[in-house]
Amino acid sequence: MNKPIGIFDSGVGGLTVAKEVFEILPGEDVIYFGDEGRTPYGPRSEEIIIQFTAQDVAFLMEHQVKFIICACNSASAVALDKIAGNYNIEMIGVIKPGARAAVKQTKNGRIGVIGTQATIASNSYARVIHEIDPKLKVFSLACPLFVPLAEEGYIDKEATYLITRDYLQTILDVGVDTLIMGCTHYPLLEHVIADVMGDKVTLINSGRETAHAAFSALVESGLLNSKMSQSPPVIGERKFFVSDVPDRFANVAARFLGTTLDQTTRIDITKY
Ligand code: DGL
């Protein structure tokens, strides 16, 4: 079906998920919304995150999307399930695909989860993991400083290594063999996190797992864009919307997406 996919996030971070979607579903048309005017969601209450997420979804629905990906871990953790039922299209978040991949990956049954305060407080990753296998041990930790470090481009700084070592020591001490990067921003710090955790620990990129899950869901429901089956592949149309002046988003986007954006449109999200 040749309608677009909607992807939304609290801001620019969801572009790490969009990047994976562009790779796995290149022929899909995509409408991306980043709530730059109200970012971050991670330190906010459940009530506010639900209200914001409902507006993000309503905006995408206005664009006749056929499928929605909630790229934001915080919104996926506390809000998506409460909103998705109000609409007649499928919506997926990043928690279930990330949790399932971790369950498949672990050998010693010890899984670490890092994310924002909202994601960790919700216990969503642990809940999904325990639904699959209650015997698995899950160790969760909020690492809120990773978000500004990634946005500021503090990718290879000594300060980032120091903070990462300090944050992750407790997770290292409990001997996990699998660590879920449960936040849109963490893939930018993947090399630092991998360095600190050592080569015996496998990192799970929830965004990448979600892009694979979206592919499977679209195939199963017969919703793949016909451009996906053309050879050579035809790249879908991609439109970006934000709820603040687009300049900052455009600057940071290059780092998160690995390429520059043609055009970003500002919208008033409070109308939804
Ligand atoms: N997108 C958020 C997440 O994945 C991180 C940034 C924020 O706190 O809004 O949880």
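Analysis parameters
Residues numbered from 1 in each chain as written. Predicted model: local features only at pLDDT ≥ 70, side-chain atom pairs only at ≥ 80, totals over all residues. Heavy atoms only, no water. 1 Å grid on protein atoms, 1.4 Å probe; cavity = no way out; pocket = protein on both sides within 12 Å on 5 of 7 lines; lining within 4 Å. Points joined across faces, edges and corners; volume = space filled by probe spheres on them. Helix = DSSP H or I, 4+ residues; strand = E, 2+ residues; numbered from the N terminus. Nonpolar A, V, L, I, M, F, W, Y, C, P; charged D, E, K, R; others polar.

A complete count under the given rule lists two cavities of 30 Å³ or more for this structure. Its volume calculated, the largest cavity comes out at about 40 Å³. As for the largest cavity, its lining consists of T16, V17, A71, N73, V94, M181, C183, T184, P187, N205, S206 and G207. Counting residues per element, the ones that place at least two in the lining of the largest cavity are α1 (15-24) and α11 (206-220). The space that makes up the second largest cavity amounts to roughly 30 Å³. Forming the walls of the second largest cavity are V113, T119, I120, N123, S124, Y125, A126 and S140. Elements with a minimum of two residues in the lining of the second largest cavity: α6 (117-122) and α7 (124-132). Among the elements that line the lining of the second largest cavity, the one with the most residues is α7, at three residues. The residue inventory of the lining of the second largest cavity, partitioned by class, reads four nonpolar, four polar and no charged.

Our next topic: the layout of surface pockets. In this model, the largest pocket occupies a volume close to 430 Å³. Every residue lining the largest pocket is counted, 25 residues in all, and those nearest its centre are S76, D81, G93, I95 and K96. Mapped onto the lining of the largest pocket, the elements with two or more residues apiece are α3 (73-78), α4 (80-84), β4 (90-92), α5 (95-105), α7 and α11. For the lining of the largest pocket, the class distribution of residues is twelve nonpolar, four polar and nine charged. By volume, the second largest pocket amounts to about 260 Å³. Lining the second largest pocket are 13 residues, with R238, F240, L261, D262 and Q263 sitting closest to its centre. Mapped by element, the contributors of at least two residues to the lining of the second largest pocket are α1 and β9 (238-242). For the lining of the second largest pocket, a count of residues per class yields five nonpolar, four polar and four charged.

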